[in-house]
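Chains, contacts and geometry: an overview
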Amino acid sequence: VISTMMLGLILLAATSVPLADGFAYAPNFITKIIEQSTGITPVGLLDVGQTNNDSTEDEATSSVEAIANNNDFQGPITTRFPPEPNGYLHLGHAKAVSFNFAVARAFQGGNGRCHMRLDDTNPTKEDEEYVQSILEDVRWIQQGLEPFTADDDDTDKEGPWYGNVRKTSDYFQLIYDAAVYLIKTGDAFVDELTAEEMREYRGTLTEPGKESPWRDRSVEENLTLFEKMKNGEFENGRYALRAKIDMSSPNLNMRDPVIYRIKHESHQATGDDWCIYPMYDFSHPIADAVEGITHSLCTLEFEDHRPLYDWTAERVLKADLVSCQPRQIEFSRLNLKYTVLSKRKLIKLVEDKYVTGWDDPRMPTLSGVRRRGMPPAAIRLFCERMGISKSDSNIDFTIMEDCAREVLDDESPRAFAILDPLKVTIKNWDDSTKEDFEVPRHPKKNELGERTVPFGKNVYIERSDFFDLEGPEGLSNGGRAPKGFKRLLPGGKVRLKYAYVISCDEIVRDPETNEPTELVCTLYPETRAGVTPEGEARVKGIIQWVEASTAAKVQVMQYDRLFKVEEPGKDSGEFTDDINTESLKIMNDVIVEPSVAMDALSMIDRIQNSSTEDKLYHSALTYQFERSGYFALDSSSTEKNLVFNRVVTLRDTWGAPPAGGRGGKAEQPKQKSQQANPRKQGGGQAPILEDARRVALRAGTILEAGPHPEADSLIVCKLDCGDKNEAGEAEEPRTVVAGLAGKIPYEKLTNRKVVCITNLKPAKMRGIESTAMLLAASDGKEGDDETVELLDVPDSVPNGELLSFENMDPCEPDGMLKSKGALKVWDRVKSKLKVNENGEATYQDDDTERKLLTSVGPITVESLKESIIG
């Protein structure tokens, strides 16, 4: 039985992921605003360098001038995460949580801190269930990071935030006092227009509004009516308190907005103490000011609300009800492809039973992705890589999946699991003999130790690891194995990983279907533990296996994306029509090695005996089931029925790979036959077309970018080209050195989809080896006068996708263009690459123009037309 100490090491690895390169926010306009307005330099941000004409610098400067006077800062630097407790948090909230906490940590030199506040001003939709769920989600998303420590030791916060959990309802009396102050100063009045009449009086974007007939009530009458509203003397909707600002304002939010309404409802925190409740736009700046929030960070939909925020904050400061005036700064919200984040749509999914509940692992709620097994570090990494800007964008779900792969690859132990078992009997192995192999839990983490994998007469292998030449699949393929198939064939050999080489001697079949049900094999004892006897050829195929008598049967839930299109409902008109009916596959007969079952049982025992203060989740136990994907223990697991959820596949399989494969080592055998005589095409395509097909043009993502330490004209990038090793595991990002310094702002490089060449010979550029090349369009001018734009790749194109040319056979790139002759291939291709008059990247051979294509559309540039590419 696995020791508690060993399981603890596994869980420790899951909650203390080393910070990889780029695992931090890049400098952005908000950190610039705070730095410029406070004089405090942030720490821990991604070092990508800045140029004098960086758009981030310009945006920060203009925003500082619009938002605050640089000389009126009062510390400590304080942010907050203020959700309304009327629903479950989702991935959009994860961005706000991560960034607010990260900003506070970045300004520790200014005693940075982040508050947790529940903006509970609408008792109709709020519930204690939502309160507890929100707090749990925030604790989880910040798991593994240092919490903020309050000045006193009396706090019972139980969370990563600074101090106790705060609620807007804590300030209801002060907010009420602020409203009374506005009445006394003539800045608010009690209105009795109905909600419909208010809409009519409000006006439109092109027409000013009309003033209410009750706008000029006396201060005394307003005070009396407001007092009676508070005392419960009027029914709902009879009166409302409105700010008196400007009914002709071009900003509709400033046209005498309602700041208090009557609601005879019990509040989940204050009970029946109040029957009038402040509106969010009024209570929010007051709550920020009471708490000393210095920078109120929110999403772009609140940009038009900022004048009202400032109007309110200025007046409560003048009333001496608060001691500071916070600054509101907006950034773009998170929009994800292949999902929905609308609360209304999420409710419909749950209520109409499209999913099993709010924590269904296909849901974008934080409880859903947590149950699925997505590590909190992966969510934070995703938010950091998306960066912060004022530009709305629709992010490809693939990027989040890639972040999950990166984190899970680092933290998850490996194990054998057979999803579709096929029995193998070793005919020359004694029935009663068992042999244990001690193998590493993780190939790169020796501290996780080893696991014991038993071996015996009967084992299970994956059905897909045996190709039945004599059965239905063989007959459909002309009695031949698929090209490149290296695993087990009738009469062939394969190596059982860590164990022995076996050969298939006999196939036992189902009499009705003729499908194989058992393989009878011979084992070669001299091949134990990877040994190849002298004089024998090395067996290339290696497969996983599980010994039958010690195996555990588990259930696997193979989850996929909930929607089959990027923007559900956009074309169909109803988002539920775009649900992916194959988003869940339940597998009931999965076989796993015994160490997995022991780990899972130990985890269940720990959870049953853990305290609520130190909550442990089933999904913290994750594995890479070798060659299958990353899996996590599901919360429905019991001692008698273990359930694992597929978190993500080993590589992106959503978009069908273009012909010729996804790249990397798997393509190279094909290249050798192509290279052997690349010009002998028997009167087929012209040689120049063969040149184009030999260059590996791929989609990639720039993860980070910064200046070259020794060359002012060069930049250094980390580039994800989708490279995988033979086990399907993601390889390290490539390093690219490019002459783009001063041509493109660093902010526009990071997280950018680009076209790269991945089969050029690596070259050292001022001491740094460049292993790929970026393609960009240029207007052809020299020096500082040159304008350069990177080629644009659609966001949904997966990293590593091999691009193609219009009306040309699929590309079959060389493994490496390194000889002098091969390098001339790229020179010839480069001379034919142009941007056409429509801004599309093309290959122009004589009178034929061929577009450079991805699986979802052409490659384009932003503005340079009829330009060169290089």
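It should be emphasised that the depicted structure is a prediction, and the values quoted were computed from it without experimental measurement. (Residues numbered from 1 in each chain as written. Predicted model: local features only at pLDDT ≥ 70, side-chain atom pairs only at ≥ 80, totals over all residues. Heavy atoms only, no water.)

1. Observations regarding the overall build of the chain
Helices and strands together make up the secondary structure of the chain, namely 20 helices and 41 strands. The buried share of the chain, taken over its 870 residues, is 55%. Within the chain, contacts between residues separated by at least 24 positions form 71% of all contacts whose residues are at least 6 apart in sequence. (Helix = DSSP H or I, 4+ residues; strand = E, 2+ residues; numbered from the N terminus. Buried < 20%, exposed > 50% of the residue type's maximum accessible area, 1.4 Å probe, protein only. Contact = heavy atoms within 4.5 Å.)

2. Digging into the nonpolar core
Counting residues in hydrophobic clusters, the biggest one holds 48 residues, and the most contacted among them are Leu91, Met116, Val138, Ile379 and Phe382. For this core, the elements supplying multiple residues, two or more each, are helix 4 (91-106), strand 2 (113-118), helix 5 (128-141), helix 12 (366-372), helix 13 (376-386), helix 14 (397-411), strand 26 (629-633) and strand 27 (643-648). Excluding its chain neighbours within four sequence positions, the residues that come into contact with methionine 116 are Phe81, Pro83, Ile134, Leu135, Val138, Trp161, Asn164, Val165 and Arg166. (Core = buried A, V, L, I, M, F, W, Y, C linked by side-chain atoms within 4.5 Å.)

3. Re the side chain of serine 595
Within the fold, serine 595 resides in helix 16 (residues 594-608). For serine 595, the side chain forms a polar contact with the side chain of glutamate 593, separated by 2.7 Å. The contact partners of serine 595, leaving out residues within four places of it in the chain, are Arg441, Arg451 and Tyr623. (Polar contact = N/O pair within 3.5 Å; in protein donor to acceptor, adjacent residues only side chain to side chain.)

4. Quick word on the sheet that holds strand 2
Here 3 strands make up an open sheet; going across it, the order is 1-2-3 and the pairing parallel. Edge strands, defined here as strands with exactly one partner in the open sheet, are strand 1 (78-81) and strand 3 (166-167). The sheet contacts of helix 5 involve strand 1 and strand 2, and relative to strand 2 the element is tilted by about 160°. Strand contacts of helix 9 (residues 280-291): strand 1, strand 2 and strand 3, with the helix running at about 140° to strand 2, the strand carrying the most contacts. (Pairing = 2+ DSSP bridges. Axes fitted to C-alpha atoms, helices over the stretch in contact; angles between N-to-C directions.)

5. Overview of the confidence of the model for the chain
Scored by pLDDT, the chain comes out at a mean of 86, with 87% of its residues at no less than 70. Here residues 48-57 is a poorly scored stretch, pLDDT under 50, and it has 28 contacts once near neighbours within four places are set aside; other chains count. Confidence drops under pLDDT 50 across residues 59-71; counting only partners more than four residues distant or on other chains, this segment forms 23 contacts. (pLDDT = per-residue confidence, 0-100.)

6. With respect to the packing of aromatic side chains
Counted under the stated rule, the structure contains 27 aromatic pairs. Ring plane angle 65° and centroid distance 6.2 Å describe the contact between tyrosine 260 and phenylalanine 282, whose orientation is recorded as edge-to-face. Placement of tyrosine 260 in strand 6 (residues 258-262) and of phenylalanine 282 in helix 9 is noted, with a sequence separation of 22 residues between them. With a relative accessible area of 1%, tyrosine 260 lands in the buried category. Against the face of phenylalanine 416 rests arginine 451, its NZ or CZ located 5.3 Å from the ring centre. (Phe/Tyr/Trp six-rings, centres within 6.5 Å; stacked < 30°, edge-to-face > 60°. Lys NZ or Arg CZ within 6 Å of the ring centre and 35° of its normal.)

7. Quick word on the sheet that holds strand 30 (residues 734-738)
Read across the open sheet, the 5 strands follow the order 30-29-28-31-34; overall the sheet is antiparallel. Of all strands in the sheet, those with a lone pairing partner are strand 30 and strand 34 (773-774), marking the two edges. Direction of pairing for strand 29 (residues 711-720) relative to strand 30: antiparallel, over a ladder of 5 bridges. Residue isoleucine 715 lies in a different strand from strand 30, and its bridge partner there is alanine 738.

8. Digging into the pattern of salt bridges
This structure, assessed with the given rule, holds 51 salt bridges. Here arginine 315 ties to aspartate 187 by a salt bridge, and the two come within 3.7 Å at their closest N and O atoms. Residue arginine 315 is located in helix 10 (residues 306-318), and its partner aspartate 187 is located in the loop between helix 6 (172-184) and strand 4 (188-191); the two are separated by 128 residues in the primary sequence. On the basis of relative accessibility, which here comes to 21%, the residue arginine 315 falls in the partly exposed class. Its salt-bridge partner being lysine 445, residue glutamate 447 comes within 3.8 Å of it at the nearest N-O pair. Given a relative accessible area of 49%, glutamate 447 falls into the partly exposed group. (Salt bridge = Lys/Arg side-chain N within 4 Å of Asp/Glu carboxyl O.)

9. A look at empty space enclosed by the protein
Over the atoms, a rolling probe the size of a water molecule traces out where space has been left empty. Per the counting criterion, the structure on display carries 4 cavities of 30 Å³ or more. Approximately 170 Å³ is the volume found for the largest cavity. If you list the elements that add at least two residues to the lining of the largest cavity, you get helix 12, helix 14 and strand 27. Top element by residues in the lining of the largest cavity is helix 14. It accounts for 3 residues. Partitioning the lining of the largest cavity into residue classes produces 11 nonpolar, 1 polar and 5 charged. (1 Å grid on protein atoms, 1.4 Å probe; cavity = no way out; pocket = protein on both sides within 12 Å on 5 of 7 lines; lining within 4 Å. Points joined across faces, edges and corners; volume = space filled by probe spheres on them. Nonpolar A, V, L, I, M, F, W, Y, C, P; charged D, E, K, R; others polar.)

10. Here's the deal with the pairing of strand 23 (residues 552-559)
Within strand 23, 7 of the 8 residues are buried, which leaves the element mostly enclosed by the surrounding structure. Pairing of strand 23 with strand 24 (residues 584-592) involves 7 bridges; the strand directions are antiparallel. Within strand 24, the residue paired with methionine 557 across the bridge is isoleucine 586. As defined by bridge partners, strand 23 adjoins strand 27 across 3 bridges and the pair is classed as parallel. The partner of glutamine 555 across the bridge, within strand 27, is valine 643.

11. So, helix 8 (residues 219-230)
The terminal C-alpha atoms of helix 8, which comprises 12 residues, lie 16 Å apart, in line with the 16 Å expected from a rise of 1.5 Å per residue. As for helix 8, its buried residues are in contact with helix 6, strand 4, strand 5 (240-243), strand 6 and strand 7 (276-278). Residue glycine 232 follows helix 8 closely and has a positive phi angle near 80°. (Expected span 1.5 Å × (residues − 1).)

12. Some thoughts on the packing of helix 6 against helix 8
At a minimum axis separation of 9 Å, helix 6 and helix 8 run at an interaxial angle of 160°. Comparing their axes, helix 8 and helix 6 come out roughly antiparallel. For the pair helix 6 and helix 8, the sense of crossing is right-handed. Across the interface between the two elements, Tyr176, Ala179, Val180, Ile183 and Lys184 from helix 6 touch Val219, Asn222, Leu223, Phe226, Glu227 and Lys230 from helix 8. (Parallel < 35°, antiparallel > 145°, perpendicular 65-115°, else oblique. Left-handed = near helix turned anticlockwise from the far one by under 90°.)

13. Focus on the environment of isoleucine 259
Within the secondary structure layout, isoleucine 259 lies in strand 6. Assessed through its relative accessible area of 2%, isoleucine 259 is described here as buried. It is 8.8 Å that separates the C-alpha atoms of isoleucine 259 and alanine 188, two residues lying 71 residues apart in sequence. Those residues in contact with isoleucine 259 that sit more than four places away from it in its chain are Leu182, Ala188, Leu241, Arg242, Ala243, Tyr277, Pro278, Met279 and Phe282.

14. Here's the deal with the packing of helix 4 against helix 13
When two helices pack together, their arrangement is given by the angle between the helix axes and by the axis-to-axis distance. It is the contact of helix 4 with helix 13, at a shortest axis distance of 9 Å, that shows an interaxial angle of 80°. Between helix 4 and helix 13, the angle is such that the two are roughly perpendicular. In contact with Leu91, Ala94, Lys95 and Ser98 of helix 4, helix 13 contributes Ile379, Arg380 and Cys383. Classifying every residue of the contact of helix 4 with helix 13 gives 4 nonpolar, 1 polar and 2 charged.

15. Description of unusual backbone geometry
The backbone of aspartate 256 shows a phi angle near 45°, a positive value even though the residue is not glycine. Structurally, aspartate 256 is set in the loop between strand 5 and strand 6. Overall, aspartate 256 belongs to the buried group, its relative accessible area being 2%. Unlike most non-glycine residues, asparagine 751 shows phi in positive territory, near 65°. Tracing the backbone through its elements, the reader meets asparagine 751 in the loop between helix 19 (746-749) and strand 31 (753-757). The class for asparagine 751 is partly exposed, based on a relative accessible area of 23%.

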